[in-house]
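Structure assessment
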Amino acid sequence: EEAQEARVREAAQKARSRLIRTVMHDLRSPLLSIRAVAASFNRRGGHTPLSALRTEVGAIETCAGLMENIVSDMLDVERIEAGKLD
């Protein structure tokens, strides 16, 4: 009985570790895109055409939305584990 419980706990911990690694990777991609857009703004200074600004701000919004969805999903996982998901 105890050995079975220990195996279940170990499997759950491994699954959680894999999930965290995946989430961190998925968050890194949009963060890198946001950083690249910010660096582009800095390189150009105040000489950026409005159309380019709109495109780049749109990219930031898209990346932020992806990150928000990932965080929301992780919070849902935590609620499920705690038995509190409505």
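Residues numbered from 1 in each chain as written. Predicted model: local features only at pLDDT ≥ 70, side-chain atom pairs only at ≥ 80, totals over all residues. Heavy atoms only, no water.

1. Focus: the pattern of salt bridges
Side chains that differ in charge, positive against negative, can pair when their charged atoms come close. Here the structure, examined in full by the defined rule, presents 3 salt bridges. For the salt bridge of Glu 10 with Lys 14, the shortest nitrogen-to-oxygen distance reads 3.3 Å. Note that Glu 10 and Lys 14 are positioned in helix H1 (residues 2-44) at a spacing of 4 residues, about one turn of the helix. With its nearest N and O atoms 2.5 Å apart, the salt bridge here joins Asp 76 to Arg 79. Pair noted here: Asp 76 and Arg 79 are both in helix H2 (residues 50-82), with a separation of 3 residues, about one helical turn. (Salt bridge = Lys/Arg side-chain N within 4 Å of Asp/Glu carboxyl O. Helix = DSSP H or I, 4+ residues; strand = E, 2+ residues; numbered from the N terminus.)

2. Focus on the environment of Phe 41
With respect to the element layout, Phe 41 can be found in helix H1. Taking the C-alpha atoms as reference points, Phe 41 and Glu 10, 31 residues apart in sequence, are found 47 Å from one another. In contact with Phe 41, other than residues within four places in its own chain, are Leu 53, Glu 56, Val 57 and Ile 60. (Contact = heavy atoms within 4.5 Å.)

3. Examining the packing of H1 against H2
Close contact between H1 and H2 brings their axes to 10 Å; oriented N to C, the two are set at 160 degrees. Between H1 and H2, the angle falls in the class roughly antiparallel. Pair H1 / H2 crosses with left-handed handedness. (Axes fitted to C-alpha atoms, helices over the stretch in contact; angles between N-to-C directions. Parallel < 35°, antiparallel > 145°, perpendicular 65-115°, else oblique. Left-handed = near helix turned anticlockwise from the far one by under 90°.)

4. Re H1
Compared with the 63 Å implied by 1.5 Å per residue over 43 residues, the 63 Å span of H1 between its first and last C-alpha is a close match. Summarising the contacts, the buried residues of H1 are in contact with H2. Of the residues trailing H1, Gly 45 is marked for its positive phi of about 60 degrees. (Expected span 1.5 Å × (residues − 1).)

5. Let's talk about the environment of Glu 56
Among the structural elements, Glu 56 can be located in helix H2. Judged by relative accessible area, which is 15%, Glu 56 ranks as buried. Linking Glu 56 and Ala 36, residues 20 residues apart in sequence, is a C-alpha distance of 9.8 Å. In contact with Glu 56, not counting residues within four places along its chain, are Val 37, Ser 40, Phe 41 and Arg 44. (Buried < 20%, exposed > 50% of the residue type's maximum accessible area, 1.4 Å probe, protein only.)

6. Topic: H2
Under the 1.5 Å per step criterion, the end-to-end length of H2 is 47 Å for 33 residues, consistent within 8% with the ideal 48 Å. For H2, every residue scored as buried is listed here: Glu 56, Cys 63, Met 67 and Ile 70. In this fold, the buried residues of H2 make contact with H1. Immediately downstream of H2, the backbone of Gly 83 shows phi near 70 degrees, a positive value.

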